[in-house]
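# Chain and residue survey
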Amino acid sequence: MIRTAALIAAALTASASWAVELGVQGTRFTLDGAPAFLLGVSYYGGCARTPELMARDFNALRERGVNWVRVWATWDMYDSQPAVDAAGAPQEPALSALRELVSLADERGIMVDVTLHRGGVLTSHEAHLAAVRTIARELLPWRNVYIDVANERDVRDNRYVSPQECRELRDAIREIDPQRLVTASSTFGSAEELAEFLEVTQLDFITPHLPRNADDPAKTQERVERYLAWLQEGGRFVPVHLQEPFRRDYGAWQPDSEGFLTDLRGAVAGGAAGWCLHNGSNRGADDGEPRRSFDLHPGRGPFLDTLDAVERAVLDAMALAAGG
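Below, the structure is looked at part by part.

The rules we used
- Residues numbered from 1 in each chain as written.
- Predicted model: local features only at pLDDT ≥ 70, side-chain atom pairs only at ≥ 80, totals over all residues.
- Heavy atoms only, no water.
- Pairing = 2+ DSSP bridges.
- Helix = DSSP H or I, 4+ residues; strand = E, 2+ residues; numbered from the N terminus.
- Contact = heavy atoms within 4.5 Å.
- Axes fitted to C-alpha atoms, helices over the stretch in contact; angles between N-to-C directions.
- Phe/Tyr/Trp six-rings, centres within 6.5 Å; stacked < 30°, edge-to-face > 60°.
- Buried < 20%, exposed > 50% of the residue type's maximum accessible area, 1.4 Å probe, protein only.
- Lys NZ or Arg CZ within 6 Å of the ring centre and 35° of its normal.
- Expected span 1.5 Å × (residues − 1).
- Core = buried A, V, L, I, M, F, W, Y, C linked by side-chain atoms within 4.5 Å.
- Right-handed = clockwise from strand over helix to strand, strands pointing away.
- Parallel < 35°, antiparallel > 145°, perpendicular 65-115°, else oblique.
- Left-handed = near helix turned anticlockwise from the far one by under 90°.
- Nonpolar A, V, L, I, M, F, W, Y, C, P; charged D, E, K, R; others polar.

## A few points about the sheet that holds strand β8 (residues 181–183)
If you walk across this open sheet you meet the seven strands as β8-β7-β6-β5-β4-β10-β9, and the pairing is parallel. Each edge of the open sheet carries a strand with a single partner, namely β8 and β9 (241–242). Bridge count between strand β5 (residues 68–72) and strand β6 (residues 111–115): five bridges; the pairing is parallel. Each bridged residue has a counterpart across the sheet, and for Val 71 the counterpart in β6 is Val 114. With respect to the sheet, helix α10 (residues 309–321) is in contact with β4 (38–42) and β10 (274–277), its orientation differing from that of β10 by roughly 155°.

Okay, here's the thing in structure tokens:
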């Protein structure tokens with residue numbers, strides 16, 4: 001816990017002087033070379049925001065110790081416009097909004113996860129390749145970004161992206177931006193499976209999505225430690241980043257604030273490199289309300305107002321719970 005407190009303090013100090021180059025050092029992220037823990041929130045539909053709302057949201061988040069957000073370049077729920085079209089080409093005004101979002105986050109020392117996925121606007125590998133090239137070119141000036149090329153790529157439906165395709169997506173980005181960090185969210189059942197995946201893909205870190213049941217927060221530390229042990233066994237030392245844990249209104253279990261904070265403490269104790277206050281729409285409601293980060297059109301007001309009382313309580317407490 002003391003070590004993580006130092007990492008968060010370093011991140012806050014670095015961002016205060018606009019040090020926002022994201023890197024990797026062993027199993028940790030770095031900001032301008034200093035180890036840092038990424039403490040963040042889901043901000044999926046952020047490309048629908050106005051610059052004024054983005055700035056207001058990021059100011060409020062930064063005041064609470066948040067130094068990382070996750071936004072999707074291919075988000076199309078609730079009439080949101082993706083930043084790329086079905087061919088992977090630039091699509092306005094969403095692409096300009098993505099650039100503005102990254103720039104405003106950069107000014108506040110906030111890192112940005114820019115995620116793409118297969119099966120929505122992108123239905124072929126060729127379009128997917130074009131899309132990551134578009135994003136890599138458009139975001140080239142900013143160093144506070146990593147790209148998740150394929151959300152939940154190992155789910156065997158229209159989201160599926162093979163390890164070899166992940167490698168090709170990663171290589172397409174690196175041809176444009178050799179220093180850009182790249183990942184693809186996956187789960188792994190063994191050390192051998194993880195080692196093979198990293199050998200093929202050559203990704204910079206892993207982003208496993210863990211189970212979402214009432215007893216899972218208490219298992220997070222053990223799960224992170226297992227992933228780190230598997231990485232050591234395979235001779236690869238990369239960060240384990242929990243970019244999408246459980247959320248409220250997802251299933252029968254409705255996590256309370258202690259559930260979120262237990263999960264966060266377990267991530268820290270286990271040696272994870274980052275954690276997210278995940279939030280999204282209500283799967284049990286026809287209109288999806290409350291939609292939270294899944295619908296961030298301007299009329300919905302400041303981001304914090306889209307969260308419920310439990311999530312706001314977690315947001316206020318999570319920097320301290322993480323040791324900072």
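Now, onward.
## Some remarks on the packing of aromatic side chains
For the structure shown, the criterion picks out 14 aromatic pairs. Ring centres of Trp 72 and Trp 75 lie 5.1 Å apart, and the angle between their planes is 80°; this geometry places the pair in the edge-to-face category. Using a relative accessible area of 7% as the deciding quantity, one classes Trp 72 as buried. Chaining the aromatic ring pairs together yields one cluster made of Tyr 44, Trp 72, Trp 75 and Phe 294. Here the basic side chain of Arg 212 rests over the ring of Tyr 250, its NZ or CZ set 4.4 Å away from the ring centre. The aromatic ring of Tyr 250 is capped on one face by Arg 283, whose charged end is 4.1 Å from the ring centroid.

## Let's talk about helix α4 (residues 125–138)
Side chains that are three or four residues apart share a direction in an α-helix, a result of its 3.6 residues per turn. Helix length check: α4, at 14 residues, gives a terminal C-alpha distance of 20 Å against a target of 20 Å (1.5 Å per residue), a fit within 8%. Of the residues making up α4, those classed as buried are His 125, Ala 127, His 128, Leu 129, Ala 131, Val 132, Thr 134, Ile 135 and Ala 136.

## What to know about the nonpolar core
It is characteristic of soluble globular proteins that their nonpolar side chains tend to be buried jointly. In this structure, Phe 58, Leu 98, Ile 135, Trp 275 and Met 318 are the most contacted members of the largest nonpolar core, which totals 84 residues. If one sorts the elements of this core by residue count, helix α3 (residues 94–107) sits on top with eight residues. Apart from residues lying up to four places away in sequence, Met 318 is in contact with Leu 39, Gly 40, Val 41, Val 66, Leu 261, Leu 264, Trp 275 and Leu 277. Core analysis: the second largest hydrophobic core is formed by 13 residues, Leu 22, Leu 38, Met 111 and Ala 273 among them.

## Quick look at the sheet that holds strand β2 (residues 28–31)
The strands making up a sheet are joined through hydrogen bonds of the backbone, oriented either antiparallel or parallel. Strand order in the open sheet made by the three strands is β1-β2-β3, with antiparallel pairing throughout. A single partner strand is all that each edge strand has here, and the edge strands are β1 (22–25) and β3 (34–36). Across this sheet, the average inter-strand angle for adjacent strands is 50°, counted without regard to direction. Strand direction decides the pairing type here: β1 and β2, joined by four bridges, are antiparallel. Looking across to β2, one finds that Leu 22 is bridged to Leu 31.

## Digging into the pairing of β10
The alternating pattern of β10 places Gly 274 and Cys 276 on one face and Trp 275 and Leu 277 on the opposite face, and all of these are buried. Of the strand pairs in this sheet, β9 and β10 are connected by two bridges, and their pairing is parallel. Within β10, the position partnered with His 241 by the bridge is Gly 274. One crossover worth recording links β9 to the parallel β10 by way of helix α8 (residues 257–270), and it is right-handed.

## Some thoughts on the packing of α4 against helix α5 (residues 163–176)
Running from N to C, α4 and α5 cross one another at 30°; their axes reach a closest spacing of 9 Å. The orientation of α4 with respect to α5, classified from their angle, is roughly parallel. As for the relative orientation of α4 and α5, their crossing is right-handed in sense. The residues of α5 that touch α4, namely those facing His 125, His 128, Leu 129, Val 132, Arg 133, Ala 136 and Arg 137, are Glu 165, Glu 168, Leu 169, Ala 172, Ile 173 and Ile 176. Tallied by class, the residues present in the contact of α4 with α5 amount to seven nonpolar, two polar and four charged.

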